[in-house]
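# Geometric and topological summary
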Amino acid sequence: ILNVEQSPQSLHVQEGDSTNFTCSFPSSNFYALHWYRWETAKSPEALFVMTLNGDEKKKGRISATLNTKEGYSYLYIKGSQPEDSATYLCARGGRGGGADGLTFGKGTHLIIQP
Amino acid sequence: NAGVTQTPKFQVLKTGQSMTLQCAQDMNHEYMSWYRQDPGMGLRLIHYSVGAGITDQGEVPNGYNVSRSTTEDFPLRLLSAAPSQTSVYFCASSYSRGGSHNEQFFGPGTRLTVL
């Protein structure tokens, strides 16, 4: 079992502030790192899939970076809005493509306070 | 496209009963998988399939069976339900056999309670 750790577990942020959180994962046999956004009563939705060391991806006010050598990824949200409130999941894919599926972290629960 | 659909949305079973959770996708995805979500835990992989006729075990396969007779459908069978199987179950699919390299599309989930 490959442990994927996310920190912090929960986070309260004032509307308009920027924030970031971390995903740590075993760097050996790395294949891909996924970020998902999971709103209450909905299904997880993909934000980013990153595979290369140094990858940076951006979608609107949300961006992510990847360091495969040291085994971490950061997710950044700029100018937080109430609709950003959700649980953010990261997941690591191992070598072998789909053979190993994804190993998910427990998530960071983000609450944006107006 | 309907995406990934799951039925039922809610189910209550008695210990020892069997049932099948249905999952279907209309995106022609080769890769499909089942996860369970428990409080304080991340999503955990139960079984997955890289194409019709091919299935394999994930992290927590005990007590569950799967089959993949068509590209579209990937049912999950509980053979003899136990209270430890009380959970929310998510089905997911992705484009290619390199499942971990492609974003996964999740169904709406099935909330199962075993009494």
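Owing to the predicted nature of the structure, the values given are computational and were not obtained by experimental measurement.

Counting residues in each nonpolar core, the largest one holds 22 residues, and the members touching the most others are Phe21, Leu33, Trp35, Phe48, Leu75, Tyr88 and Leu110 of chain A. For this core, the secondary structure elements donating two or more residues are strand E2 (10–14), strand E3 (19–24), strand E4 (30–38), strand E5 (45–50), strand E7 (62–67), strand E8 (72–77), strand E9 (86–94) and strand E11 (108–113) of chain A. Non-local contacts of leucine 75 of chain A, meaning those with residues more than four positions away in its chain, are made with Thr19, Asn20, Phe21, Trp35, Leu47, Phe48, Ile62, Ser63, Ala64 and Tyr88 of chain A. Of all hydrophobic cores here, the second largest spans 19 residues; its members include Leu13, Cys23, Leu78 and Cys91 of chain B.

Moving on: the interface of chain A and chain B. Counting from both sides, the interface comprises 23 residues of chain A and, opposite them, 22 residues of chain B. For the pair chain A and chain B, the number of links is zero salt bridges. One can count three residue pairs in polar contact (both at pLDDT 80 or more) joining chain A with chain B. Elements with a contribution of two residues or more to the side of chain A that touches chain B: E4, E5, E9 and strand E10 (102–104) of chain A. Here the side of chain A that touches chain B gets five residues from one element, more than from any other, and that element is E4 of chain A. Residue composition of the side of chain A that touches chain B, by class: 12 nonpolar, nine polar and two charged.

This brings us to the side chain of aspartate 38 of chain B. All names here are of chain B. In this fold, aspartate 38 is placed in the loop between strand E4 (31–37) and strand E5 (44–51). With a relative accessible area of 8%, aspartate 38 lands in the buried category. In this structure the side chain of aspartate 38 is engaged in a polar contact, spanning 2.9 Å, whose partner is the side chain of arginine 36. Apart from the residues within four sequence positions on either side, aspartate 38 is in contact with Arg44, Thr86 and Ser87.

What follows deals with the environment of leucine 33 of chain A. Residues and elements named next belong to chain A. Tracing the sequence through the fold places leucine 33 in strand E4. As for leucine 33 and valine 49, which are separated by 16 residues in sequence, their C-alpha atoms are 5.7 Å apart. Here leucine 33 is in contact with Cys23, Phe25, Phe48, Val49, Met50, Leu66, Ser73, Cys90, Ala91 and Arg92, once residues within four sequence places are set aside.

Once that is clear, we can look at the state of the cysteines. Overall, the coordinates contain two disulfides over all chains when judged by the stated rule. In this model, cysteine 23 of chain A is linked to cysteine 90 of chain A through a disulfide, with the two sulfur atoms separated by 1.9 Å. Taking the torsion about the S-S bond as the criterion, the cysteine 23 of chain A to cysteine 90 of chain A disulfide, at about 75°, is right-handed. One end of the pair, cysteine 23 of chain A, is in strand E3; the other, cysteine 90 of chain A, is in strand E9, and 67 residues separate them in sequence. Judged by relative accessible area, which is 0%, cysteine 90 of chain A ranks as buried. Between the sulfur atoms of cysteine 23 of chain B and its disulfide partner cysteine 91 of chain B the distance amounts to 1.9 Å.

Let us look at the sheet that holds E3 of chain A. All names here are of chain A. If you walk across this open sheet you meet the five strands as E1-E3-E8-E7-E6, and the pairing is antiparallel. Each edge of the sheet is formed by a strand with only one pairing partner; in this case those strands are strand E1 (5–7) and strand E6 (56–59). Within the sheet, the average angular offset between the axes of one strand and its neighbour, ignoring direction, is 15°. Examined bridge by bridge, E7 and E8 share six bridges and lie antiparallel to one another. In the sheet register, asparagine 67 faces E8, and the bridge partner there is tyrosine 72.

Cut-off values and rules
Residues numbered from 1 in each chain as written. Chains lettered and ligands numbered in written order. Predicted model: local features only at pLDDT ≥ 70, side-chain atom pairs only at ≥ 80, totals over all residues. Heavy atoms only, no water. Core = buried A, V, L, I, M, F, W, Y, C linked by side-chain atoms within 4.5 Å. Buried < 20%, exposed > 50% of the residue type's maximum accessible area, 1.4 Å probe, protein only. Helix = DSSP H or I, 4+ residues; strand = E, 2+ residues; numbered from the N terminus. Contact = heavy atoms within 4.5 Å. Salt bridge = Lys/Arg side-chain N within 4 Å of Asp/Glu carboxyl O. Polar contact = N/O pair within 3.5 Å; in protein donor to acceptor, adjacent residues only side chain to side chain. Nonpolar A, V, L, I, M, F, W, Y, C, P; charged D, E, K, R; others polar. Disulfide = S-S within 2.5 Å. Pairing = 2+ DSSP bridges. Axes fitted to C-alpha atoms, helices over the stretch in contact; angles between N-to-C directions.

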